[in-house]
Amino acid sequence: MEELIMTQNADTILNNPFLNKGTAFTKAERQALGLTGTLPSNVQTIDEQTTQAYAQFQSKATRLEKRIFLMNLFNENRTLFYHLMDEHVVEFMPIVYDPVVADSIEQYNEIFLDPQNAAFVSVDAPEDIEATLKNAASGRDIRLVVVTDAEGILGMGDWGVNGVDIAVGKLMVYTAAAGIDPSQVLPVSIDAGTNNQKLLDDPLYLGNRHKRVYGDQYYDVIDKFVEAEQKLFPESLLHWEDFGRSNAQVILDKYKDKIATFNDDIQGTGMVVLAGILGALNISKESIKDQKILSFGAGTAGMGIANQIMDELMQAGLTEEEAKQHFYAVDKQGLLFDDTEDLTPAQKNFTRQRSEFSNADELTNLEAVVKAVHPTVMIGTSTQPGTFTESIIKEMAAHTDRPIIFPLSNPTKLAEAKAEDLIKWTDGRALVATGIPADDVEYKGVTYQIGQGNNALMYPGLGFGLIASTAKVLNSETLSAACHALGGIVDTSKPGAAVLPPVSKLTEFSQTLAEIVAQSVIDQKLNKEPISDAKKAVADMKWFPEYKTIK
Ligand SMILES: NC(=O)c1ccc[n+]([C@@H]2O[C@H](COP(=O)([O-])OP(=O)(O)OC[C@H]3O[C@@H](n4cnc5c(N)ncnc54)[C@H](O)[C@@H]3O)[C@@H](O)[C@H]2O)c1
Ligand SMILES: O=C(O)C[C@H](O)C(=O)O
Ligand SMILES: [Mn+2]
């Protein structure tokens, strides 16, 4: 058999997405790096490459084809990919991230081309965890890890190893929004098996072909993973994404006081929803202390949101008991009471008493609860499409001037309602945010802008601020500071103003958010390294999608 000898030659450079510049390698670089003659002779600028790549992107007929084109570019040349994305953030966000990322997860086996520099941890080989992370990092200085076990991908349930694409997608948004160096990030899939029978039966499925592992064996793998991750990348932030309801909070509670870490579905979502509510109250000129908050879908996100709002109410001077009186949690069982069966630990903090209602036994569905409670804020994280019906919304809107309504379930096909319907059903009074991007709504001569109530507005700035300030942990004080960071960006005096800033300003406000987060860390002396200037720390860390000289 012939021997393959690996040396630093043209192939290894042109196939390394962190180094590759393609036709932008200069004559001198081509000579120094052994690339002479391996590329067409014309040397292009990154702007010329970007124009060419965008034309190719536009020529693709479907959104999935567009995504595949962008993923190929990402796999070949990270700098060019981000240069292009920088110019088209609003257009690319739904393609590289939610909602089209959902299609690529569903079709991962069929369209698989490249592991995208992710680490694939297997529950069946705990002894390989350290080597797995080390190999995938391949000597890079990792500062940010996004890990998923894919038990709860968006609202689509269990997608096994296919879910790795959400980790890759979240990281793309980090770089595009906040400017983390793409060579300093690592997406991780924890393949704990899958309960998705369709995948188990699919001969093309690429993950472990067995049922999902739970309990001690699972937590042991998580422990080993965290240990290896911290050992290999001691300066890194660990971001948890799309874990199942039974594990997400347990894992967060285990590590949140020990290392720099957060759960995006619990905390990132809590942040964006509180920021959206504060934005809405800015428009309606109401106080958060006068709100009755109904969470429909009291799972990972629903309870993360409730806890973040709870914190805000307590900072506004309410006791914990008083603050709790503002919440109504509704799940499959209907309104959650203290004697409801199968409550999760997170739900137990937000239950009501049957004696509060004359018809408690009838409060088994959203419509009955809305009638009985008259909420002023209604948040959907239920994964149940179309459940915010016209009659429910009209009932809610009959008892409050400016109903705050956030149907947040993703992707598009799972949303509790469409922005356009909510505006119409409430005669333009609803203050709306949706999980995926929504078009402006024209109604009776007013253009309503719809905020994107997606944690992507918050986690890049949050994470980048934590990394830049070398934070030891993330605490509630820093989270709260971050929730208030987006105020003032939207002109609330304009009719139809959005409750959250637009994605077109994502880069701008992610920077502000990062600075506020870093400042909070420094103020509390939670930084590992001696840092005093938050703005400088953020600026120094920021990566720009421009080619650097290769030596
Ligand atoms: N926009 C965002 O930023 C954002 C962030 C996180 C999650 N989400 C979305 O929220 C949804 C939930 O995500 P999660 O991580 O909390 O999942 P989860 O599984 O932890 O929670 C979903 C909850 O909905 C409940 N539910 C299911 N059917 C119901 C019904 N008929 N009536 C009432 N409740 C019902 C479940 O019992 C569960 O408690 C997903 O669609 C996800 O995409 C959006
Ligand atoms: O991924 C998203 O679009 C937001 C959120 O983390 C979700 O799970 O839905
Ligand atoms: Mn998520």
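What counts and what doesn't
Residues numbered from 1 in each chain as written. Chains lettered and ligands numbered in written order. Predicted model: local features only at pLDDT ≥ 70, side-chain atom pairs only at ≥ 80, totals over all residues. Heavy atoms only, no water. Helix = DSSP H or I, 4+ residues; strand = E, 2+ residues; numbered from the N terminus. Rg over C-alpha atoms; globule rule 2.2 N^0.38 Å. Buried < 20%, exposed > 50% of the residue type's maximum accessible area, 1.4 Å probe, protein only. Contact = heavy atoms within 4.5 Å. Core = buried A, V, L, I, M, F, W, Y, C linked by side-chain atoms within 4.5 Å. Pairing = 2+ DSSP bridges. Axes fitted to C-alpha atoms, helices over the stretch in contact; angles between N-to-C directions. UniProt positions renumbered as here; feature names shortened; annotations may be inferred. Polar contact = N/O pair within 3.5 Å; in protein donor to acceptor, adjacent residues only side chain to side chain. Donors = N, O, S within 2.8 Å, 3.2 Å for Na, K, Ca; no water. Near = heavy atom within 4 Å. Areas by Shrake-Rupley, 256 points an atom, 1.4 Å probe, with all protein chains shown as cover. Nonpolar A, V, L, I, M, F, W, Y, C, P; charged D, E, K, R; others polar. Phe/Tyr/Trp six-rings, centres within 6.5 Å; stacked < 30°, edge-to-face > 60°.

**A few points about the overall build of the protein**
Item 1. When you go through the protein residue by residue, the secondary structure sums to 24 helices and 14 strands.
Item 2. Taken over the C-alpha trace, the protein has a radius of gyration of 24 Å; the compact-globule value for 551 residues is 24 Å, and the two agree within 12%.
Item 3. Across its three principal axes, the protein shows a C-alpha extent of roughly 80 × 55 × 50 Å.
Item 4. Counting the 551 residues in the protein, one finds 59% classified as buried.
Item 5. Once local pairs closer than 6 in sequence are excluded, the contacts in the protein between residues at least 24 apart make up 71%.

**Focus: the nonpolar core**
Item 1. Membership of the largest hydrophobic core comes to 106 residues, with the highest contact counts inside it found for L70, F81, M93, Y174, I277, F406 and L466.
Item 2. With 10 residues, helix α14 (residues 264-284) is the single largest residue contributor to this core.
Item 3. Beyond its immediate sequence surroundings of up to four residues, I277 is in contact with I288, I309, V377, I379, I404 and F406.
Item 4. Membership of the second largest hydrophobic core comes to 31 residues, among which are A136, A137, I142 and A192.

**Points about the sheet that holds strand β1 (residues 119-122)**
Item 1. Ordered by their spatial adjacency, 5 strands build an open sheet running β1-β3-β2-β4-β5, and the pairing between neighbours is parallel. Both edges of this open sheet fall to β1 and β5 (261-263), since each of them pairs with a single strand only. The average angle at which neighbouring strand axes cross in this sheet is 20°, direction not considered.
Item 2. As paired strands, strand β2 (residues 144-148) and strand β4 (residues 237-241) are joined by 5 bridges and run parallel to one another.

**Regarding the UniProt feature "active site" (unreviewed entry) in the protein**
Item 1. According to UniProt, the positions carrying the feature "active site" (unreviewed entry) are Y97 and K170. For the annotated residues, spread through 74 residues, the largest C-alpha to C-alpha distance comes to 7.0 Å, consistent with a single compact locus.
Item 2. Tracing the backbone shows Y97 in the loop between α6 (89-96) and α7 (100-106).
Item 3. Those residues in contact with Y97 that lie beyond four places of it in its chain are R67, F92, G169, K170, V173, N454, N455, A456 and Y459.
Item 4. Overall, the relative accessible area of 3% leaves K170 in the buried class.

**Considerations on the UniProt feature "binding site: (S)-malate" (unreviewed entry) in the protein**
Item 1. UniProt's entry tags N410 and N454 with the feature "binding site: (S)-malate" (unreviewed entry), counted in the numbering of this structure. Maximum C-alpha separation among the annotated residues is 9.3 Å over a sequence range of 45 residues, consistent with a single clustered spot.
Item 2. Within the secondary structure, N410 sits in the loop between β10 (404-407) and α20 (419-425).
Item 3. Judged by relative accessible area, which is 13%, N410 ranks as buried.
Item 4. Those residues in contact with N410 that lie beyond four places of it in its chain are D98, L154, G155, G435, I436 and N454.
Item 5. Polar side-chain contacts of N410 include one of 3.1 Å to the side chain of D98.

**Section: the coordination of the manganese ion (ligand 3)**
Item 1. Looking at the manganese ion (ligand 3), one finds its protein donor set to be E241 (OE), D242 (OD) and D265 (OD), positioned 2.1 Å from the metal centre.
Item 2. Spacing between the donor residues of the manganese ion (ligand 3) along the chain follows E-D-x22-D. Taken as a pair, E241 and D242 share a single burial class, namely buried.

**Remarks on unusual backbone geometry**
Item 1. Between D98 and P99 the backbone carries a cis peptide bond, its omega angle lying at 10°.
Item 2. Position of P99 among the secondary structure elements: in the loop between α6 and α7.
Item 3. Between N410 and P411 the backbone carries a cis peptide bond, its omega angle lying at -10°.
Item 4. Relative to the helices and strands, P411 is located in the loop between β10 and α20.
Item 5. At H374, a residue that is not glycine, the phi angle is positive and equals roughly 55°.
Item 6. Mapping H374 onto the fold places it in the loop between α18 (366-373) and β9 (377-380).
Item 7. Relative accessible area serves as the criterion here: at 24%, H374 is assigned to the partly exposed category.
Item 8. We note that T383 has phi near 65°; this positive angle belongs to a residue other than glycine.

**Structural notes on the site of ligand 2**
Item 1. Residues in close proximity to ligand 2 include Y97, D98, L154, K170, E241, D242, D264, D265, N410, N454 and N455, which together make up its full environment.
Item 2. In this structure, an oxygen atom belonging to ligand 2 sits 3.3 Å away from a side-chain N or O atom of Y97.
Item 3. Between ligand 2 and D265 there is a distance of 3.1 Å, counted from an oxygen atom to a side-chain nitrogen or oxygen.
Item 4. For ligand 2, the protein covers 91% of the area, taking 260 Å² as the surface of the free molecule.
Item 5. Residue classes in the shell around ligand 2 are distributed as 2 nonpolar, 3 polar and 6 charged.

**A look at the pairing of strand β7 (residues 327-331)**
Item 1. With 5 of 5 residues buried, β7 is to be regarded as a mostly interior element.
Item 2. Going residue by residue along β7, you find F327, A329 and D331 tucked away on one face and Y328 and V330 tucked away on the opposite face as well.
Item 3. Of the pairings in the sheet, the one linking strand β6 (residues 293-296) to β7 comprises 4 bridges and is parallel in character. Within β7, the position partnered with I293 by the bridge is F327.
Item 4. Pairing of β7 with strand β8 (residues 334-335), which is carried by 2 bridges, proceeds in the antiparallel orientation.

**Quick word on helix α22 (residues 476-483)**
Item 1. Every buried residue of α22 is listed here: T478, L479, S480, A482 and C483.
Item 2. Buried positions along α22 lie against α14, α15 (300-315) and α23 (506-523).

**Re the packing of aromatic side chains**
Each aromatic ring pair is characterised by the separation of its centres together with the angle its planes make.
Item 1. Counting across every chain of the model gives 15 aromatic pairs.
Item 2. Seen from their ring centres, F74 and F81 are 5.3 Å apart, and the 80° between their planes marks the pair as edge-to-face.
Item 3. When its relative accessible area of 5% is taken as the criterion, F74 is described as buried.
Item 4. Classification of F81 by relative accessible area gives buried; the value is 0%.
Item 5. When the centroid spacing of 5.5 Å and the interplanar angle of 70° are considered together, the rings of Y108 and F112 count as edge-to-face.

**Topic: the sheet that holds strand β14 (residues 451-452)**
Item 1. Ordered in space as β8-β7-β6-β9-β10-β11-β14, the 7 strands form an open sheet in which the pairing is mixed. The open sheet is flanked by β8 and β14, the only strands paired with a single partner.
Item 2. Across 4 bridges, the pairing between β9 and β10 is parallel. Opposite M378, over in β10, you have I405 as the bridge partner.
Item 3. Running over the sheet, α18 touches β6, β7, β8 and β9 and is turned about 175° from β6.

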